[in-house]
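What follows is the residue order along each chain.
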Amino acid sequence: MGTESSLELGPSSLTEALYESVRKRIVNGDIPQGEKLTEVRLAGEYNVARPTAKAVLERLTALGLLRRTAHKTAVVPTLDEDEIRDLFFSRVTIEKAAVSTLAAGGEVPPAAAKAQVAIEYAARDKLFENQVEADIAFHSALVAGVGSRRLSRMHELIIGEVHLTMGQYQAHRTAKPSTVAAEHAAILQAIESADPTAAAEHMAYHLEQAQGRLLSSLQKS
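Reading the values: the criteria
- Residues numbered from 1 in each chain as written.
- Predicted model: local features only at pLDDT ≥ 70, side-chain atom pairs only at ≥ 80, totals over all residues.
- Heavy atoms only, no water.
- Phe/Tyr/Trp six-rings, centres within 6.5 Å; stacked < 30°, edge-to-face > 60°.
- Lys NZ or Arg CZ within 6 Å of the ring centre and 35° of its normal.
- Helix = DSSP H or I, 4+ residues; strand = E, 2+ residues; numbered from the N terminus.
- Buried < 20%, exposed > 50% of the residue type's maximum accessible area, 1.4 Å probe, protein only.
- Contact = heavy atoms within 4.5 Å.
- Pairing = 2+ DSSP bridges.
- Salt bridge = Lys/Arg side-chain N within 4 Å of Asp/Glu carboxyl O.
- Axes fitted to C-alpha atoms, helices over the stretch in contact; angles between N-to-C directions.
- Parallel < 35°, antiparallel > 145°, perpendicular 65-115°, else oblique.
- Left-handed = near helix turned anticlockwise from the far one by under 90°.

Caption draft 1: Summary view of the packing of aromatic side chains. For the structure shown, the criterion picks out 0 aromatic pairs. Above the face of the Tyr19 ring, Arg59 is positioned so that its terminal group lies 3.6 Å from the ring centre.

Caption draft 2: Representation of the side chain of Thr52. Tracing the backbone through its elements, the reader meets Thr52 in helix α3 (residues 50-62). Residue Thr52 is classed as buried on the basis of its relative accessible area, which comes to 14%. Dropping the residues within four chain positions of it, Thr52 is found in contact with Leu14, Thr15 and Leu18.

Caption draft 3: Examining the environment of Pro196 more closely. As for its position among the elements, Pro196 is in helix α9 (residues 196-220). Classification of Pro196 by relative accessible area gives partly exposed; the value is 29%. The sequence separation of Pro196 and Leu102 amounts to 94 residues, and the corresponding C-alpha distance is 7.7 Å. Beyond its immediate chain neighbours, meaning those up to four positions away, Pro196 contacts Ser100, Ala103 and Ala104.

Caption draft 4: Representation of the sheet that holds strand β1 (residues 36-37) within the structure. In spatial order, the strands read β1-β3-β2; together these 3 strands make up an open sheet with antiparallel pairing. Either end of the sheet is taken by a strand with one partner, and the two such strands are β1 and β2 (67-68). Judged from the 2 bridges that link them, β1 and strand β3 (residues 74-75) form a sheet pairing that is antiparallel. Residue Lys36 lies in a different strand from β3, and its bridge partner there is Val75.

Caption draft 5: Representation of the pattern of salt bridges in the model. One pass over the full model with this rule turns up 12 salt bridges. A salt bridge links Arg91 to Glu95, with the shortest nitrogen-to-oxygen separation between them at 3.0 Å. In this pair, Arg91 and Glu95 both sit in helix α4 (residues 81-105), 4 residues apart, roughly one turn of the helix. Residues Arg91 and Glu95 agree in their burial class; the two are buried. Across the pair Asp125 and Arg124 runs a salt bridge whose closest N-O atoms are separated by 2.9 Å. Arg124 sits in the exposed class, given a relative accessible area of 55%. Sharing partners across several salt bridges, the network here consists of Arg25, Glu35, Arg41 and Glu45.

Caption draft 6: Expanded view of the packing of helix α5 (residues 110-125) against helix α8 (residues 177-192). It is the contact of α5 with α8, at a shortest axis distance of 9 Å, that shows an interaxial angle of 160 degrees. It follows that α5 is roughly antiparallel to α8 by the angle criterion. With respect to the hand of their crossing, α5 and α8 are arranged in left-handed fashion. Contacts between α5 and α8 involve Ala112, Ala113, Gln116, Ile119, Glu120 and Ala123 on the former and, on the latter, Pro177, Ser178, Ala181, His184, Ala185 and Leu188.

Encoded structure:
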């Protein structure tokens, strides 16, 4: 696509707007697995300067949405079964710790409660992309709610790949949207009830179900 039909960016800062646009295209599969992304391509498609495109590529690479090949070309990755299992091992470790800590105080982070409302609306209206975005926001809010910068940074290192797999394999579509919403609700209820053990168990169950759906979708692809 040339500059004569440049993609439009939103009103936020140029780099942030470019990042959000490209991120969504990767997650939604508009830029598929194995496809290369270069500074020249982004600069041409969006009519931006190459340093802006470079900054966005570096950010997407740092978050796992792109990988650098031996020739340092950015490519949309394809995670295999072992990588997905390792990804969820990391998720369970971090997110169980997060909800256990939150439950010890008995308070649900407002951002997590807000994301849950969005999940329930998306489930009701069967809006898959909205559901995925809200799901990522829900889990990120729980980790951020702990207030540990290091835990949040650890989570940020894997959540990009989580988002990538959810979009690429669309595993959420194999479960009733209300089921996913109910699993999230159970986690929040355990936190509100100040029950760290139950919160951790509900989180572990939820992620086990998510991993199972994802692996099943991977095997069928």
